[in-house]
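Spelled out from the first residue to the last, the chains are:
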Amino acid sequence: MDPLPRISRSLRSAVLAVGAASLLAACAGCDPFDAAARAPVRVDGVVWQPDNATVMPRGKWQQLGARELLVQWTAVDGMAFVPGSQMPVAPQMPDWHRIAGEPWAQDVILGLAGRFDEKAARAGIEQLVADSIELAKLPTPLHVTGWYFPVEIDPTWAEAPRLGALLAKLPRPLWITVYDSANVGPDALADGLLKWLPPDVGVYFQDGVGVYAREPRIALHYADVLAKRLGRERVRIIAEAFRPMPGGGFRSATADEIRPQVNLYRGYRVSIFDGPHYLPDALVETLARRAD
């Protein structure tokens, strides 16, 4: 399976820019853009999208402050990465005992059943919920602090309100992901969610910066509006640590691209997408230091 990011597919060009944010200023009079572009990167968590290429995730993401692992899914396309389900297991299984001892996985938000193809996932949400109920019952050595249902929400999905009753069947604390591929704006995005999203379900907002869908300062505005409308404790940010390559595919974002993006979101719980595919040790060590 190819490590394709589960992200908004809008690829509109945008200029990377950062607005004023006092929390980023290291000293009085510092230019906020310069402070963001030079400060060490700090995040709360790292995302891992399991596939055959990354069943043995290793990294130094704790150097960025990460101690929470968001596992995108424990089964994808009918193949399980955990033992004990009715589904066939992956050719290689993750070493969950080793992962449970990693400093970047002290707390785990455990993803349930998903699909690589977004249209297929949305068309089969009832089965994915049924599979997720069974997956959530399986024991793991992980310190699970929450659950994640990996069918992503955006304003173009007219049937998303069907999820409201289905999500009620899944364990809590529960999280989903939202993004805005149609650029309806944060208020319209919040309006749509408030019509059907159970009030005890949290939201990870995908910033869209990795596909040039929006600038970090606009992504921050989305988070601010969602936090005001849904409650700040229900809103977290996924910062995309990749960029498109000419001709297709994705590369790791550079340190100069990631710093002003992630650092602007301080004050929110931020998880970076994703560690095994896009955050090698050399990049992590650069990000952990202040830029010269």
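Please refer to the structure placed before this passage.
Let me sum up the structure you'll find in this document. (Residues numbered from 1 in each chain as written. Predicted model: local features only at pLDDT ≥ 70, side-chain atom pairs only at ≥ 80, totals over all residues. Heavy atoms only, no water.)

This part covers the overall build of the chain. Of regular secondary structure, the chain possesses 10 helices and 13 strands. With 292 residues in all, the chain has 54% of them scored as buried. Contacts in the chain between residues at least 24 apart in sequence constitute 77% of all its contacts with a sequence separation of at least 6. Of the roughly 12,000 Å² that the chain leaves accessible, carbon and sulfur atoms contribute 54%. (Helix = DSSP H or I, 4+ residues; strand = E, 2+ residues; numbered from the N terminus. Buried < 20%, exposed > 50% of the residue type's maximum accessible area, 1.4 Å probe, protein only. Contact = heavy atoms within 4.5 Å. Areas by Shrake-Rupley, 256 points an atom, 1.4 Å probe, with all protein chains shown as cover.)

This part is about helix α7 (residues 216–230). For α7, which comprises 15 residues, the first-to-last C-alpha distance of 21 Å matches the rise-based estimate of 21 Å (1.5 Å per residue) to within 8%. Buried within α7 we find P216, A219, L220, Y222, A223, V225, L226, A227 and L230. Packed against the buried residues of α7 are β8 (174–178), α6 (186–194), β9 (201–206), β10 (235–240) and α8 (255–263). (Expected span 1.5 Å × (residues − 1).)

Turning our attention to the pairing of strand β1 (residues 45–48). Side chains of β1 alternate between two faces, with G45 and V47 and V46 and W48 buried alike. Alignment of β1 against strand β2 (residues 68–71), held across 4 bridges, turns out to be parallel. Within β2, the residue paired with G45 across the bridge is E68. Sheet topology places β1 next to strand β13 (residues 270–273); 2 bridges connect them, and they run parallel. Its bridge partner being in β13, G45 is matched across the sheet by S271. (Pairing = 2+ DSSP bridges.)

Turning our eyes to something else, we now look at the packing of aromatic side chains. Any two aromatic rings considered together are summarised by their centre-to-centre distance and by the angle between their planes. Within this structure, the stated rule accounts for 9 aromatic pairs. Consider the rings of W175 and Y204, whose centres lie 5.2 Å apart with planes at 55°: the pair is tilted. In this pair, W175 sits in strand β8 while Y204 sits in strand β9, placing the two residues 29 residues apart along the sequence. When the ring of F242 is compared with that of F273, the centres are 5.9 Å apart and the planes differ by 75°; the resulting orientation is edge-to-face. (Phe/Tyr/Trp six-rings, centres within 6.5 Å; stacked < 30°, edge-to-face > 60°.)

Ordered by their spatial adjacency, 8 strands build a closed barrel running β1-β2-β5-β7-β8-β9-β10-β13, and the pairing between neighbours is parallel. Put simply, the sheet's adjacent strands are angled 30° from each other on average, direction ignored. The strands that α7 touches are β8, β9 and β10; relative to β10, the one it contacts most, it runs at about 160°. (Axes fitted to C-alpha atoms, helices over the stretch in contact; angles between N-to-C directions.)

Strand pairing in a sheet takes place through backbone hydrogen bonds and is either antiparallel or parallel in direction. Across the sheet, which stays open at both edges, the 3 strands sit in the order β4-β3-β6 with mixed pairing between neighbours. Since the sheet does not close on itself, it has two edges, and those belong to β4 (79–80) and β6 (113–114), each with one partner. For strand β3 (residues 75–76) and β4, the ladder comprises 2 bridges, and the chain directions are antiparallel. Among the inter-strand pairings, V76 is bridged to a residue of β4, identified as M79.

Here the focus is the pattern of salt bridges. Evaluated as defined, the whole model comprises 17 salt bridges. Ionic pairing is found between R67 and D107, a salt bridge with its closest N-O pair at 2.6 Å. Here R67, found in the loop between β1 and β2, pairs with D107, found in strand β5 (residues 107–111); they are 40 residues apart in sequence, far enough to count as distant. What makes R67 partly exposed here is its relative accessible area of 42%. Taking the shortest distance from any N to any O, the salt bridge between R172 and D200 comes out at 3.0 Å. Here the residue R172 occupies a position in the loop between α5 (163–167) and β8, and D200 occupies one in the loop between α6 and β9, the gap between them amounting to 28 residues. (Salt bridge = Lys/Arg side-chain N within 4 Å of Asp/Glu carboxyl O.)

Here we come to the side chain of N263. Within the fold, N263 resides in helix α8. A distance of 3.1 Å separates a polar atom in the side chain of N263 from the backbone oxygen of A39. (Polar contact = N/O pair within 3.5 Å; in protein donor to acceptor, adjacent residues only side chain to side chain.)

Core analysis: the largest hydrophobic core is formed by 94 residues, its most contacted members being F149, I176, I258 and L279. Per-element accounting of this core gives the leading share, 7 residues, to α7. If near-sequence neighbours (up to four positions away) are discounted, L279 is found in contact with V46, W61, A241, I258, I272, D274, V284 and L287. (Core = buried A, V, L, I, M, F, W, Y, C linked by side-chain atoms within 4.5 Å.)

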